Amino acid sequence: MAAVAQPPPSPPSVRLRLAPRGAVALRVDGAWWPRSRSLLAELPPLIGALPEEWGKIVGVTVNAQMWADAPGRILVGHHVVRLRRESVWRRRYTVCLLAPDQGRRDLLVVPPELAAADAEYLMSAVASYGP
C-alpha cells in the first residue's frame, strides 16, 4: 500500500489590521502582531500581506531593542529588502516600510508576547480609526 503524501501545513496568517483608506493624517497606517521577534521569520509574510497599492517595499526600519539580530538585507519574494535598525526609544513599537514613489508607511507593532485580548483591542482601535 502506497503512502499518501500530506500537504505541508499552511503558514499561519499574518495578524495585520490596516487603518481605513482616507483616514485623517494618522501616525500609523495599521497594526501588526508578529508571532516572534525574528525579522527573518516575520517580515516576509508581512510584506507579502500588504496591499498592492503600498508598492514594492524596498526598505524597513525597526527598533533594534525590540527585534533579534538580523542581517542588513533579506530576500522577500524575488527582491531584496534593506533592513535598518535604530535605537530611537520613541519608535520602539513601530515598523517603517519604504516603497519607491509610494513613500513611507508606519505600522504599530504589537509585542508578540502580549495577551490575545489586549493585542486584539489595540489592533481593532487602529483599524477602526477613520474620518
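Draft legend 1. Seen up close, the overall build of the protein. What the protein contains, in helices and strands, is two helices and seven strands. Starting at the N terminus and walking to the C terminus, you meet the elements of the protein as β-β-α-β-β-β-β-β-α. For the protein, with 131 residues in total, the buried portion stands at 34%. Looking at the protein alone, contacts between residues at least 24 apart form 62% of all its contacts between residues at least 6 apart. A total accessible area of about 8300 Å² is found for the protein, and carbon and sulfur atoms account for 56% of it.

Draft legend 2. Examining the environment of proline 112 more closely. With respect to the helices and strands, the residue proline 112 is situated in the loop between strand E7 (103-109) and helix H2 (116-127). With 75 residues separating them along the chain, proline 112 and arginine 37 place their C-alpha atoms 7.1 Å apart. When neighbours within four sequence positions are excluded, proline 112 is seen to be in contact with Trp33, Pro34, Arg35, Ser36 and Arg37.

Draft legend 3. Spatial organisation of the side chain of glutamate 42. Among the structural elements, glutamate 42 can be located in helix H1 (residues 39-49). Although glutamate 42 lies buried, it forms no salt bridge, and the closest oppositely charged side chain, arginine 35, sits 5.7 Å away as judged by the N-O distance. Once you skip the residues sitting within four places of it in the chain, glutamate 42 turns out to touch Trp32, Pro34, Arg35, Ser36 and Trp67.

Draft legend 4. Local environment of the packing of aromatic side chains. A complete count under the given rule lists one aromatic pair for this structure. Here the aromatic rings of tryptophan 32 and tryptophan 67 are separated by 5.6 Å at their centres, their planes lie at 20°, and the arrangement is stacked. One end of the pair, tryptophan 32, is in strand E2 (residues 30-32); the other, tryptophan 67, is in the loop between strand E3 (59-63) and strand E4 (73-76), and 35 residues separate them in sequence. A residue is classified by how much of its surface remains accessible, and tryptophan 67, at 5% relative accessible area, is buried. Positioned over the ring face of tryptophan 33 is arginine 15, at 3.6 Å from the centre of the ring.

Draft legend 5. Structural context of H1. Residues of H1 that are buried: Leu39, Glu42, Leu43, Leu46 and Ile47. Down the axis of H1, the buried set is contained in an arc of 120°. They therefore lie on one face. If you follow the buried residues of H1, they end up packed against strand E1 (16-18), E2, E3, E4, strand E5 (79-86) and E7.

Draft legend 6. Region of interest: the pairing of E5. Sheet topology places E3 next to E5; five bridges connect them, and they run parallel. Following the sheet pairing, asparagine 63 is matched in E5 by glutamate 86. As paired strands, E4 and E5 are joined by four bridges and run antiparallel to one another. Its bridge partner being in E5, valine 76 is matched across the sheet by histidine 79.

Draft legend 7. View of the pattern of salt bridges. Taken as a whole and assessed by the stated rule, the structure comprises five salt bridges. Notably, a salt bridge pairs arginine 17 with glutamate 120, separated by 2.6 Å at the nearest N-O pair. Placement of arginine 17 in strand E1 and of glutamate 120 in helix H2 is noted, with a sequence separation of 103 residues between them. Its salt-bridge partner being arginine 84, residue glutamate 86 comes within 3.5 Å of it at the nearest N-O pair.

Calculation criteria
Counting restarts for each chain, with residues numbered from 1 along the sequence as it is written. Given that the model is predicted, a residue must reach a pLDDT of at least 70 before its local features are reported, and side-chain atom pairs must reach 80 or more before they are shown or counted; all residues, however, enter totals for whole chains, interfaces and linings. Only hydrogens and water are set aside; all other atoms, that is, all heavy atoms of the structure, feed into the side-chain values. Only runs of H or I of at least four residues qualify as helices and only runs of E of at least two qualify as strands under DSSP, and these elements are numbered from the N terminus. Per-residue accessibility, obtained with a 1.4 Å probe over protein chains only, is compared with the maximum for each type, and a residue is labelled buried under 20%, exposed over 50%, and partly exposed between these values. Contact criterion: two residues are considered in contact whenever any of their non-hydrogen atoms come within 4.5 Å of each other. Note on areas: these come from Shrake-Rupley sampling with a 1.4 Å probe, and a residue is covered only by the protein chains present in the view. His is not counted, nor are the chain ends; Lys and Arg add positive charge and Asp and Glu add negative charge. A side-chain nitrogen of Lys or Arg and a carboxyl oxygen of Asp or Glu constitute a salt bridge if their distance falls within 4 Å. Any Phe, Tyr or Trp ring, taking Trp's six-membered ring, that has another such ring centre within 6.5 Å forms a pair; planes under 30 degrees apart are called stacked, those over 60 apart edge-to-face, and the others tilted. Only when the NZ atom of a Lys or the CZ atom of an Arg is both within 6 Å of the ring centre and within 35 degrees of the ring normal do we say a charge sits over the ring. For this quantity, the arc is that covered by the directions from the helix axis to the C-beta atoms. Strands qualify as paired when DSSP identifies two bridges or more between them.

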